Amino acid sequence: MTRLTRSRVARGIPLLEVGHVASAMASPADARAEAVRPPPDSEGTDLASEAAAAASASATAASASMDDKPTVAIVIGMAGSGKTSLMQRVNAYKHAQGKPPYIINLDPAVTQTPYDANVDIRDTVDYKEVMKQYSLGPNGGIMTALNLFATKFDQVMSLVEAKADALEHVFIDTPGQIEIFTWSASGTIISDMLAYSFPTVLLYVIDTPRTTSPVTFMSNMLYACSIMYKFKLPFIVVFNKTDITSADFALEWMTDYEKFQQAVAGETAYAGSLSSSMGLVLDEFYHNITAVAVSAVTGEGMDELFAKIDIAAEEYHVCVRLLCSRARRGRAPASTYECIEYRAR
């Protein structure tokens, strides 16, 4: 069996072997199938009561223990949005305050990072070797590498837990191929594990200069909406590269429906008509979302970004309390944290 590795392992996570892929991919489905088997009728009521009591106790303990834990920020964004540059900036910002963050890199294809990661997927999985052995293209190699890493993410959680008392923030850098994290099983596994143990928020990074067209802006907002509703976690839209183009137009379009309609009126193609219609549909979405303008190059907006992260972390705590309340009533939520219902209040 061939081992997937770089030149060394520096972060304390055991190396992965290629043969683990098949078992790793099969195990979750087997586990889910086992989990959904109904108990015998004679035991169903007792088991349901015990499950409700356990859920209530677990949720209450989680609510009490979350207050002192660091906030985890999962940074996602399309290729070229300046996501990794933003990671460098927040790292420098927190170091200047004497409170360095814990950084995890989940992009196996990046050649180098402008920051030192505490945990780096490249120290565990060589995605080029994955491509070679499984005859995959670049995107398939990245996804398979992330799937492999997800099978060992419990060890990453242990590393973060060991440092939690000394941390305020944990930042997760994800692959530039955004769909690899947002719509894959490994992305769901990793985000759920983090959200179960730490206050967790999503930062969706947008390339502001490339969003000046109302059609492109609407495409970004639709994608942001889909991601927020999928993960059901506190969500912040980060308009990056404001040193090139101010994000005032985008923030105005999010708060003033008429201004957006005026901008999109000049679009004669079908996409313009569609964007105009979607603007009304997403108007409610804008009221329930946080947005901030930053520059990863100059550092502009960093104070506001971290203020928004703190607010999002408080929103997370409210979601945990909502979970506690539902568990006490024997109504376990369908998802771990029902942040969407909280926003709608």
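Before any of the text, the structure's been laid out above.
Residues numbered from 1 in each chain as written. Predicted model: local features only at pLDDT ≥ 70, side-chain atom pairs only at ≥ 80, totals over all residues. Heavy atoms only, no water.

An account of the sheet that holds strand 6 (residues 169-173) is requested, with residue identities and associated values reported.
As summarised here, the arrangement of the seven strands in space is 5-4-6-3-7-8-9, forming an open sheet in which the pairing is parallel. Lying at the two open borders of the sheet, with one neighbouring strand each, are strand 5 (119-120) and strand 9 (290-293). Where strand 3 (residues 71-77) meets strand 7 (residues 200-207), six bridges bridge the pair, whose relative direction is parallel. By the bridge assignment for strand 7, Val75 is matched with Leu203. Sheet strands touched by helix 3 (residues 83-96): strand 3, strand 4 (102-105), strand 6, strand 7 and strand 8 (235-240). Its angle to strand 6, the strand with the most contacts, is close to 160°. Where helix 8 (residues 185-197) meets the sheet, it contacts strand 3, strand 6 and strand 7, and its direction lies at approximately 155° from that of strand 3. (Pairing = 2+ DSSP bridges. Helix = DSSP H or I, 4+ residues; strand = E, 2+ residues; numbered from the N terminus. Contact = heavy atoms within 4.5 Å. Axes fitted to C-alpha atoms, helices over the stretch in contact; angles between N-to-C directions.)

Lay out the packing of helix 10 (residues 248-255) against helix 11 (residues 257-264) in plain terms, naming residues and giving numbers.
In helix packing, the relevant descriptors are the interaxial angle and the interaxial distance, both defined with respect to the helix axes. Between helix 10 and helix 11, whose axes approach to 5 Å, the crossing angle comes to 115°. Residues Glu252, Trp253 and Thr255 of helix 10 lie in contact with helix 11, whose contacting residues are Tyr257, Lys259, Phe260 and Ala263. Taken together, the residues of the contact of helix 10 with helix 11 sort by class into four nonpolar, one polar and two charged. (Nonpolar A, V, L, I, M, F, W, Y, C, P; charged D, E, K, R; others polar.)

An account of the packing of helix 9 (residues 214-231) against helix 11 is requested, with residue identities and associated values reported.
Where helix 9 meets helix 11, the axes come as close as 9 Å, and the angle between the chain directions of the two elements is 130°. Classed by the angle they form, the pair helix 9 and helix 11 counts as oblique. Between helix 9 and helix 11, the residues in contact are Pro214, Phe217 and Met218 and Phe260, Ala263 and Val264, respectively. Classifying every residue of the contact of helix 9 with helix 11 by side-chain character gives six nonpolar, no polar and no charged. (Parallel < 35°, antiparallel > 145°, perpendicular 65-115°, else oblique.)

Hey, could you go over unusual backbone geometry for me, with residue numbers and the actual values?
With phi around 55°, Lys232 is a residue other than glycine that occupies positive phi space. Mapped onto the secondary structure, Lys232 falls in the loop between helix 9 and strand 8. Residue classification places Lys232 among the partly exposed positions, given a relative accessible area of 28%. At Lys241, a position not held by glycine, the phi torsion is positive, near 65°. Here Lys241 lies in the loop between strand 8 and helix 10. (Buried < 20%, exposed > 50% of the residue type's maximum accessible area, 1.4 Å probe, protein only.)

Tell me about the pattern of salt bridges, residues and numbers included.
Throughout the structure, instances matching the rule amount to seven salt bridges. Across the pair Lys99 and Glu168 runs a salt bridge, and its minimum N-O distance is 3.2 Å. Taken as a pair, Lys99 in the loop between helix 3 and strand 4 and Glu168 in the loop between helix 6 (153-163) and strand 6 lie far apart in primary sequence, 69 residues in all. With a relative accessible area of 39%, Lys99 lands in the partly exposed category. On the basis of relative accessibility, which here comes to 36%, the residue Glu168 falls in the partly exposed class. Lys241 is the salt-bridge partner of Asp207, the closest N and O atoms lying 3.1 Å from each other. (Salt bridge = Lys/Arg side-chain N within 4 Å of Asp/Glu carboxyl O.)

If you had to explain the environment of His317 to someone new, which residues and values would you point to?
Positionally, His317 belongs in helix 14 (residues 302-328). Looking at His317, the relative accessible area reads 10%, which means it is buried. Separated by 119 residues in sequence, His317 and Phe198 have C-alpha atoms that sit 9.8 Å apart.

These figures come from the coordinates and say nothing about function on their own.
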